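Overview (structure and organization)
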Amino acid sequence: MVQQEHQDIITASKNWVKSVIVKYNICPFARKELERGSIRYVVVEETKRKQVLTALIKECQFLDANSEAETSLFILPRGFEGFYDYLDIVDLANDALFEHDYEGVYQLASFHPDYCFEDEPQDSPANFTNRSPYPTLHIIRESSMEQALASYDDPESIPERNIAFANKKGAAFFIKLLSECHK
C-alpha cells in the first residue's frame, strides 16, 4: 500500500515536471534533465523536522555519490501541508545545508501546492510558478546551475517571464494543470 502511494506521489510529481515545468518552459533547464532521466524523485515519509533534515542531508550524500542523478525532488507529502509550516522547514533545510558544509554545493528551490510570494495575494496567478502537487524541496547542484546560467542569455529575466506568463494564462489554467497531474 505505501509503495503504491509513493508511486502515485512520484507520478503526480513527474507529470508536473513534464506537463507544467517543461511544457511551459517554467524552468528552461529542466527539459535536458527530464530527457536524460537524471531527475531523482524521493518521497519522504518523515513529518518531524529533525528527521526531515536528516533525510535531506542523506539525499545530498546520495547525490554526492551518484553523479548520474543531476537533481532531486525531495517530496514531503505529509506534515507540511500548511504553507507557513513548509516555509519553516525550508529555512531549517537551508540552515542544515550550511551546517553540513553543503553551502555552495547544493541549493534549494521550494515548491508547494499553496505557494504564495511575499506581497502577492493568495489567488494571484504569479504564485503558480512555484506551485506543485506536493510540498517539495528541489535540491540543485550549484556547479550545474552555474554552468546552465552561464550559457543562458539573460537568466535574470526567467522569473519575470514566468510571472508574466502565469498572469496571462490566469489561475484557472494552472489549477486545471495541477489537478491533471494527479491523474
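That block above? That's the structure.
Presented here is an overview of the structure given in this document. A quick note: this is a predicted structure, and the numbers were derived from the prediction, not measured.

This part takes up the sheet that holds strand E4 (residues 136-141). Pairing within the open sheet is mixed, and its 4 strands lie in the order E1-E2-E4-E3. Every interior strand has two partners, whereas the edge strands, strand E1 (39-43) and strand E3 (106-111), have only one. Sheet twist, expressed as the mean angle between neighbouring strand axes with direction ignored, is 20°. Summarising the sheet, E1 and strand E2 (residues 71-75) pair through 5 bridges and their orientation is parallel. Note on E2: the bridge partner recorded for Val-43 is Ile-75. Docked against the sheet, helix H3 (residues 49-65) engages E1, E2, E3 and E4, running at close to 160° with respect to E2. Along the sheet face, helix H5 (residues 142-150) touches E3 and E4 and points at about 75° away from the line of E4.

Most of E2 is tucked away: 5 of the 5 residues are buried. Across the two faces of E2 the burial is the same, with Thr-71, Leu-73 and Ile-75 and Ser-72 and Phe-74 all buried. Looking at chain direction, E2 and E4 are connected through 5 bridges and run antiparallel. Bridge assignment links Thr-71 to a residue of E4, and that residue is Ile-140.

A surface patch of negative charge is lined by Asp-153, Asp-154, Glu-156 and Glu-160. Along the polypeptide, Asp-153 turns up in the loop between H5 and helix H6 (157-169).

For E1, the buried fraction is high: 4 of the 5 residues fall into the buried class. Crossover E1 to E2 through H3 is right-handed.

What follows deals with the environment of Asn-130. Structurally, Asn-130 can be placed in the loop between E3 and E4. Its relative accessible area of 15% is what places Asn-130 among the buried residues. Distance in space between the C-alpha atoms of Asn-130 and Cys-116 is 8.0 Å, their sequence separation being 14 residues. Those residues within four positions of Asn-130 in sequence are excluded, and the remaining contacts are Ser-110, Phe-111, His-112, Tyr-115 and Phe-117. Polar contacts involving the side chain of Asn-130 include one to the main-chain carbonyl oxygen of Ser-110, which spans 3.0 Å.

So, how was this worked out
Position numbers for residues count from 1 along each chain, tracking the sequence in the order it is written. Residues qualify for local features only when their pLDDT is at least 70, as the model is predicted, and side-chain atom pairs are given and counted only at 80 or more; totals for whole chains, interfaces and linings, by contrast, use all residues. The basis for every side-chain value is the complete set of non-hydrogen atoms in the structure, without hydrogens or water. Any two strands are treated as partners once DSSP identifies two or more bridges connecting them. A run of H or I in DSSP becomes a helix once it reaches four residues, and a run of E becomes a strand once it reaches two; helices and strands are each numbered from the N terminus. To get an axis, fit a line to the C-alpha atoms, keeping to the stretch in contact for a helix; angles then go from 0 to 180 degrees between the N-to-C directions. In what follows, a contact means two residues having at least one pair of non-hydrogen atoms within 4.5 Å. Partly exposed describes any residue whose relative accessible area lies between the buried limit of under 20% and the exposed limit of over 50%, with all areas from a 1.4 Å probe on protein chains only and scaled to the type maximum. Only residues whose relative accessible area exceeds 30% and that form no salt bridge are eligible for patches; like-charged ones are grouped when within 9 Å, while nonpolar side chains (Val, Leu, Ile, Met, Phe, Trp, Tyr) are grouped when within 5 Å. Computed with a 1.4 Å probe, the accessible areas rest on the Shrake-Rupley method; for each residue, only the protein chains presented here act as cover. Salt bridges, as used here, are contacts in which a Lys or Arg side-chain nitrogen is within 4 Å of a carboxyl oxygen on Asp or Glu. Positive charge is attributed to Lys and Arg, negative charge to Asp and Glu, and no charge count is given to His or to the chain ends. By convention, charge coordinates are those of NZ in Lys, CZ in Arg, CG in Asp, or CD in Glu. Note on handedness: a crossover is taken as right-handed if, strands pointing away from the viewer, the path from the first strand over the helix to the second is clockwise. Definition of a polar contact: a pair of N or O atoms within 3.5 Å, with one able to donate and the other able to accept a hydrogen when the atoms are protein atoms, and with sequence-neighbouring residues admitted only if both atoms are side-chain atoms.

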